[in-house]
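# What the coordinates show
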Amino acid sequence: MTDFLLLAAAVGVVLAIAYIAVRRRGRATAKRRTRISGDGGEAPPVSGDGGRSPTIPPSGTHRASADRQKHDESASDAWRVRRSPEPEDLGEKGTTSPLHSSARPDLESASCERQLTSGRAELAASSSGTASSGPGIATTKPTNHAGDLGAEELREAVDPEEPNRVPGAAAPNLHPVPGPGTAPQSVETMDRHVESGGTPSPRTRGRPTGHPPGSQGATSISEGDPPSVMEVHAPPNAPTDVTTDGHGSEVSPRKTGGRRRAARTSAGPLSPPIPPTFEPESDRRIRRVTPAEAADAPGPNQARTGTPAAPDPPHTELPATAPLPSRPPGGQSRVSYQDRRGTKRFRESVGKLASPPPATPKSPVDRAPAEARLRLSVHPLRRTAEISVMLSRPDGFPDRVELAIAGRPIIEAYDDTRYDDVDLRGVGTFLDDEFRLQSTEGFRWVRRARPVHVFTSDPAETGLVSTGAVRTGVQHTIVCRTTDVPLVRQMAEATGSPKPVELSRGDHFPSGWTLLSGYVPSRSSTMPIPDGLTPLDPGSDLTISLEAGLSIRPRVYAEGQPPRILIHPDPGRAAVTIGGQPATETSDGGWEAAGWDAPGHHLVDIVPGPTVSYQILPDPWRTRGWSSCSFHEPPPNPKPMGLAAQAQICGALVLGPEGHALAWEKHPLLIALGFRGVARALRPRTDMPVSIVFMPEPPAFVLAARGNRRKQGHVYWLGHTRPRTNASSPDLDWCRIVRLASVRRLSLENSDAEGMRAWEAARSKVRRFRRNHR
Amino acid sequence: MLGHVEVSAAQTWQVAPPVLAVLPQHGHAEWQAVLCGARTQGVLQSLQAAGSEAGAPISRVPIDGAPDLVRADAPSQSALAKLAETAGVPLQHNAALTLLACTPTIADWPRTPCAMVRGRVDTVLRFSRSKVTWVESSLEEASQNAGFYRIRRDWDWVYILKSTASASAYIDVRAGRIAALSKRRVVSWDQGSWTLSLPGQLLPPTLIARSLALCTGALPNFTDREVQFAGVPPLILQLTLAITGLRRR
């Protein structure tokens, strides 16, 4: 019996508690409905006690799904009340900051009725992706207070049903994905402001609660509104200790229960409240924090990811992208997504700026064979000579080549013009016939057959280097067949040269050949020149000079500005060729031939007479482009510069970690939009009235707002219509921003027909997206 | 100064890639952009062809003692963007503003801490705040007082900025002169012609001067005692004053 009584008593207690709870809920609902009908009155004070339900601020409020709101009286201590700005602190007419698309405190009941009616209709038609995405971009139509952002538009932007309809899609209150290092702006913040400080519940997102006249904006808590916490978390790289308002003043965040909030401290009379900085919530529900959770609340940076809060580096390191909020199934797991669209492609292109795609490189087989010259090394004491081959290295030849000869020697490049010498001992009679050499990759070198080889000194080379012909007054060494020695001596006498001296051949010097040193002609030959010995005749003492042109290096010229080839005196009957092609004299005295100014190596050859080689470098515009350079030192204190400290300046081009840089005069709200996607919020500098952002593609629009009135916001057209990111799915944040700007009917500035078409195309894309994802 | 080449502290230089720098609008409805950086034949030909197609003709204005000013005049930003995209040349929106936005202030200008010069020196000059020029000084004065000093050692000149009596650092000479004249009212700006005038000794560092030059694309005008940048909009002026720490007369 006793047990039965005890059991009955326990059941009675439980029933009583339940009954009380239900009654209180019903009372709260009744009170809320009463206020909606326009009873007016002042907003109730902040609910800080243990049990009193928050009351609904009068006028202009709306509870779209009050029956779904949860109310936990036991969690009253976890109510986060956000002090609203004082009326004198507000921007205009007591409106909240331009970043807070809140209904204005002094909404009247009549207007609220109209808003309520229209809002309900619009709410049914609203879909996700259209939530009021952030400060200043609330989807509000003007209320009776012209230009004020009304609750109606916020409702339109938010569809509480949407998260359930589109699983996996972003929650209604999507907000622009902040760019690297940018300050994300969450719709939740706007909602919080909107609801007059009442911490909105998941059901009340986007529903402004309005304020009674004279009330302090966000201090009241909506009755029946299950209080929940607007968890504001600093973005990964935002300064956790200090945030700034749109005017550059610093605002210290309040720490509440372990969570940080960016709150206004002291603003001027007309300065708008500071937009809080926080990172986007992956879970779109505005979750109410129980006291237990508040006590155990992690820091702002770990609230979402579960990782220990790391100190934010002052803009020295940015994530590749900000996490794109997504709706995890079940609402428990966190999905981190890094938008890398365009990043890799752009990074690859940084090394070759402003150039069209490079031309397809020629295959080795298609290339003309390069020149092979000879080097004669004479031992200073023994007076013996050894000979090696110098392979030239035209543009496009690799740094290393493997020769297709016995032993497969690998030859390294000596410099940009030639390779290391090749020792061809035992290869064969490369002095006799035309000499050809080929690498395993297909690169070729050739040296024409000649009966005599003339060597002379070259200031750029050691030893003696082969040349085409002798020159008067210059000492030469002649390598000829042993049987031709008498003819060579005759030529020496005929050209006024001293008697050549025979040098000893080295052990590895090809047999059958003789070296004659000291050949110094002083005049053209006085006797008929035997066949094959034309190179021994200096001719008319011709000289070849290269003048004008754009010389990159000695005898290296830029494409399009070749040198002027002059031959002095007139060569007469001597054959002049350039690159093997017969050359003709132009009207200005220069010599030209077919292909003489094309990129590549060229040889000006006069027979009989001297030779001169030169090179034409191809235009980087047609090949590899230019590499970016930044010789400017980073600032020692990058914190005041913020995101701008990561810029790379090369000439007039400014690049950043993510790509294109865009700067704008500082506004309370600045968002750069791509043509088809990508939305980035501009980050202000703390020491100058300017904001900057880096985008993976050239920005097409900039949304700038100074307030929440229609005329205080503008969309500026920048002209770019060719996005580089070819994302198959639209950027949800971009959709939101475009949608909200469109709903607010912000004017399009700096626009022409192309700009208007582009904006209309953007709006159409958003509409299609909304239809497809309903 | 015009953004055609970049010079490193080691006195090596490199031609910058070609880019179309958009000029701020001033008194005309057209949008203008100037070509900065490399200008090979391929670049110019590409620009000419793209300009004809986009309705933004390319013009060449000779400048005495400097490369020709290659400018594109477009009726709209769309035409400019189309020109840049067709030609394959990057377009830098509001180049002057963007450059200034990425420039550190003079107070935060890069500098290398160093020990104060000691021993025998040939010449010590101090940049006078009042006279806005170099005046004779001594090593003792330099060691004990803050200021910007130019000291000639055995074989080189060094420029030392002393923010305090004990803190010394090497700094760019232009930045140091401006740092020494912090908060002085030495800047004048004509509201009608948007011409910004500075004392000749206060030619700003390269990045700041480049931003000011890219307001029109032309080099500044050097008179007897002043350097004048034309076409400087109010916002650029405001940023310049914020960066340099100077004030308007």
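See the structure above.
The structure displayed is predicted, hence computed values, not measured ones.

### So, the overall build of chain B
Along the backbone of chain B there are 7 helices and 18 strands. Counting over 249 residues, chain B shows a buried share of 55%. Of all intrachain contacts in chain B linking residues separated by at least 6 positions in sequence, the fraction that spans at least 24 positions is 59%. Within the structure as shown, chain B displays about 10500 Å² of accessible surface, and the carbon and sulfur contribution to it stands at 49%.

### Looking at the side chain of Arg375 of chain A
All names here are of chain A. Positionally, Arg375 belongs in strand S5 (residues 370–378). Look at Arg375 and you get buried, because its relative accessible area is 4%. A polar contact of 3.1 Å, which involves the side chain of Arg375, links it to the side chain of Glu461. Within the structure, Arg375 has its side chain in polar contact with the backbone oxygen of Thr462 (distance 2.7 Å).

### Topic: helix H5 (residues 173–180) of chain B
All names here are of chain B. Where H5 is concerned, the buried positions are Ala175, Gly176, Arg177, Ile178 and Ala180. Where H5 is buried, its residues contact strand S9 (123–127), strand S10 (134–136), strand S11 (147–152), strand S12 (157–162), strand S13 (168–171) and helix H7 (234–244). N-capping of H5 is provided by Asp172, with a side-chain oxygen placed 3.2 Å from the backbone N of Arg174.

### Considering a positive patch on the surface
A cluster of basic residues, Arg676, Arg768, Arg771 and Arg774 of chain A, forms a positive patch at the surface. With relative accessibility at 51%, the residue Arg774 of chain A sits in the exposed group.

### Quick word on the sheet that holds S11 of chain B
All names here are of chain B. An order of S8-S13-S12-S11-S9-S10 is seen for the 6 strands of this open sheet, with the pairing classed as antiparallel. Each edge of the open sheet is held by one strand with a lone partner, namely strand S8 (111–113) and S10. The sheet shows a mean angle of 35 degrees between the axes of neighbouring strands, taken without regard to direction. Here 6 bridges tie S11 to S12, and the two strands are oriented antiparallel to one another. Directly across from Ile151, in S12, lies its bridge partner Val158. Each of S9, S10, S11, S12 and S13 is contacted by H5, which is oriented at about 140 degrees to S11, the strand it contacts most.

### Considerations on the packing of helix H1 (residues 41–54) of chain B against helix H2 (residues 77–87) of chain B
Residue and element names in this part refer to chain B. One way to put it is that H1 packs onto H2 with a least axis distance of 8 Å and a crossing angle of 140 degrees. Compared by their axis directions, H1 and H2 come out oblique. Seen from above, H1 lies across H2 with right-handed handedness. When H1 is examined against H2, the residues Ser46, Leu47, Ala50, Gly51, Glu53 and Ala54 are found in contact with a partner set consisting of Ala79, Lys82, Leu83, Thr86 and Ala87. Grouping the constituent residues of the contact of H1 with H2 by class yields 6 nonpolar, 3 polar and 2 charged.

What counts, and at which threshold
- Residues numbered from 1 in each chain as written.
- Chains lettered and ligands numbered in written order.
- Predicted model: local features only at pLDDT ≥ 70, side-chain atom pairs only at ≥ 80, totals over all residues.
- Heavy atoms only, no water.
- Helix = DSSP H or I, 4+ residues; strand = E, 2+ residues; numbered from the N terminus.
- Buried < 20%, exposed > 50% of the residue type's maximum accessible area, 1.4 Å probe, protein only.
- Contact = heavy atoms within 4.5 Å.
- Areas by Shrake-Rupley, 256 points an atom, 1.4 Å probe, with all protein chains shown as cover.
- Polar contact = N/O pair within 3.5 Å; in protein donor to acceptor, adjacent residues only side chain to side chain.
- Patch = residues over 30% accessible without salt bridge, like charges linked within 9 Å, V, L, I, M, F, W, Y side chains within 5 Å.
- Salt bridge = Lys/Arg side-chain N within 4 Å of Asp/Glu carboxyl O.
- Lys, Arg positive; Asp, Glu negative; His and termini not counted.
- Charge placed at Lys NZ, Arg CZ, Asp CG, Glu CD.
- Pairing = 2+ DSSP bridges.
- Axes fitted to C-alpha atoms, helices over the stretch in contact; angles between N-to-C directions.
- Parallel < 35°, antiparallel > 145°, perpendicular 65-115°, else oblique.
- Left-handed = near helix turned anticlockwise from the far one by under 90°.
- Nonpolar A, V, L, I, M, F, W, Y, C, P; charged D, E, K, R; others polar.

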